[in-house]
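Chains, contacts and geometry: an overview
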Amino acid sequence: MIKEKDDLLREHKGIVLLMTLGFIAVITALIMWSVSISKSRFDSVVRIDAENQFGVVFKDFSKFITQFDINSSEGLEMLLAFDLPPIMEEKTHIGLGFHPASLMDKLNINYILAALVNHETNTTKRGEDPFLLRPLEKFFSQYELSDPATMIDFLLDTVDKDDFERASYSEIATDDFDFREGKIYDFNHFKKIRAYYFKSTRDKNVFKITRGEFEKYFYFGEPEDKPLLDCSSPYVAPAMSLIVADEMMINKESDFCHEANTTQMHTLKEIYNISQFENKKKYLVKCILNLDKENRMREISFDYDIHSKRISNIDKNFQEEE
């Protein structure tokens, strides 16, 4: 009986390995195909600059990534495990690489802020506010901000669409029209808020919040999207550490899917939709595309929804300094 179980386990591992190797082979071939197609398109343009070349490659690449059907957690694992450094195509001397990472093990900061704004007119939901404020307060305390409440006011006034100031000069929209759109679009947008906070408080600690630090915990999703927090992700611990009370022990080995069923986690499960991958629900993967052209590396990032196969939040300024 034990021998049969061992045989089944080895057979299962063998199938998964074959699937993984097959997935890598297919996506690698498609990357090379994309570069070759892009080269033929480059040849039809006499004078095309590097930015336009990258645009052509991105357009071709975004077409074939939507061809993959991720219908199981195993398929998701294979996609997220795939990390391809730039592969040089012989004829074009163009290298194209790809790196995916789940966004569902992080918190949608726009959802948190929009929910807090909406609760100002919806008193029945105000009981959730302490749980929504907690990750923002804990995050800013890590960097020892002198006035985290003012920073949160700046963020809230960026998401709401009125002209009411929560704090002195916190309504940035009076000076910058970018802040009338009802969301924070990307880290470059967040940097403007960071700058306004510093101008108001002279608190240099805010510059400790770099892109890398921020993206350990948050992403810039749509304000109306109720987030999924993937409790099965091996990288969910940082986000979990922000939303749970300080007395709860958080470590990388925690079984968050099991803990989500406890009484202590029930409210958080409802607010943050703590659950595992399900292909019927929105699941965002951040994709980074690398282009190596004449030893000049360029990058572009975008969000890919596995369920709807929709690409959004294309960030062409990925390499801007923090």
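The paragraphs below set out a description of the structure included in this document. Fair warning: this is a prediction, and the values are worked out from it, not measured in the lab.

Conventions adopted
- Residues numbered from 1 in each chain as written.
- Predicted model: local features only at pLDDT ≥ 70, side-chain atom pairs only at ≥ 80, totals over all residues.
- Heavy atoms only, no water.
- Salt bridge = Lys/Arg side-chain N within 4 Å of Asp/Glu carboxyl O.
- Buried < 20%, exposed > 50% of the residue type's maximum accessible area, 1.4 Å probe, protein only.
- Helix = DSSP H or I, 4+ residues; strand = E, 2+ residues; numbered from the N terminus.
- Contact = heavy atoms within 4.5 Å.
- Axes fitted to C-alpha atoms, helices over the stretch in contact; angles between N-to-C directions.
- Parallel < 35°, antiparallel > 145°, perpendicular 65-115°, else oblique.
- Left-handed = near helix turned anticlockwise from the far one by under 90°.
- Nonpolar A, V, L, I, M, F, W, Y, C, P; charged D, E, K, R; others polar.
- Expected span 1.5 Å × (residues − 1).
- Polar contact = N/O pair within 3.5 Å; in protein donor to acceptor, adjacent residues only side chain to side chain.
- Disulfide = S-S within 2.5 Å.

Turning our eyes to something else, we now look at the pattern of salt bridges. Scanning all chains against the criterion turns up 8 salt bridges. Salt-bridge contacts for D105 lead to K106; the nearest nitrogen and oxygen are separated by 3.0 Å. Take D105: its relative accessible area is 2%, and that puts it in the buried class. Among the residues examined, K106 registers a relative accessible area of 14% and is labelled buried. K216 is the salt-bridge partner of E213, the closest N and O atoms lying 3.0 Å from each other. Looking at K216, the relative accessible area reads 42%, which means it is partly exposed.

Our next topic: the environment of G221. By the secondary structure assignment, G221 is in the loop between β4 (218-219) and β5 (229-230). On the basis of relative accessibility, which here comes to 3%, the residue G221 falls in the buried class. Taking the C-alpha atoms as reference, G221 lies 5.3 Å from N108; in sequence the two are 113 residues apart. Every residue in contact with G221, bar those within four places of it in the chain, is listed here: N108, N110 and K183.

A word on the packing of helix α6 (residues 148-159) against helix α7 (residues 187-201). Packing of α6 against α7 leaves a shortest axis separation of 10 Å and a crossing angle of 135 degrees. Considering their axes alone, α6 and α7 lie oblique with respect to each other. Where α6 crosses over α7, the handedness of that crossing is right-handed. Contact residues: α6 offers T150, M151, F154, L155 and T158, while α7 offers H189, F190, I193, R194, Y196, Y197, S200 and T201. Counted by class, the contact of α6 with α7 contains 7 nonpolar, 5 polar and 1 charged residues.

This part takes up helix α5 (residues 129-142). Taking 1.5 Å of rise per residue, the 14 residues of α5 would be expected to cover 20 Å, and the 20 Å separating its terminal C-alpha atoms lies within 8% of that figure. Among the residues making up α5, those that are buried are D129, L132, R134, P135, L136, K138, F139 and F140. Looking one or two residues past α5, E144 carries a phi angle of roughly 55 degrees, positive in sign.

Bringing the side chain of K183 into the picture now. Along the polypeptide, K183 turns up in the loop between α6 and α7. At a separation of 2.9 Å, a polar atom in the side chain of K183 contacts the side chain of E222. Discounting residues that sit within four places of it in the chain, K183 has contacts with N110, T158, V159, H189, G221, E222, P223 and N313.

Of all 10 residues that make up helix α4 (residues 109-118), 9 are buried, and the element is covered over most of its length. Among the residues of α4, I109, N110, Y111, I112, L113, A114, A115, L116 and V117 are the ones counted as buried. Structurally, α4 contributes buried residues whose contacts are with β3 (107-108), α5, α6, α8 (211-214), β4 and α11 (263-272). Between a side-chain oxygen at the N-terminus of α4 and the backbone nitrogen of N110 the separation is 3.1 Å; the capping residue is N108.

Moving on, we come to the state of the cysteines. Disulfide: a covalent bond formed between the sulfur atoms of two cysteine residues. Under the defined criterion, the tally for this structure stands at 1 disulfide. Paired by a disulfide, C231 and C257 hold their sulfur atoms 2.1 Å apart. Of note, the bridge from C231 to C257 carries an S-S torsion of about 95 degrees and is right-handed in sense. Placement of the pair is C231 in the loop between β5 and α9 (237-243) and C257 in helix α10 (residues 256-259), with a sequence separation of 26 residues. On the basis of relative accessible area, C231 is assigned to the buried category, the value being 6%.

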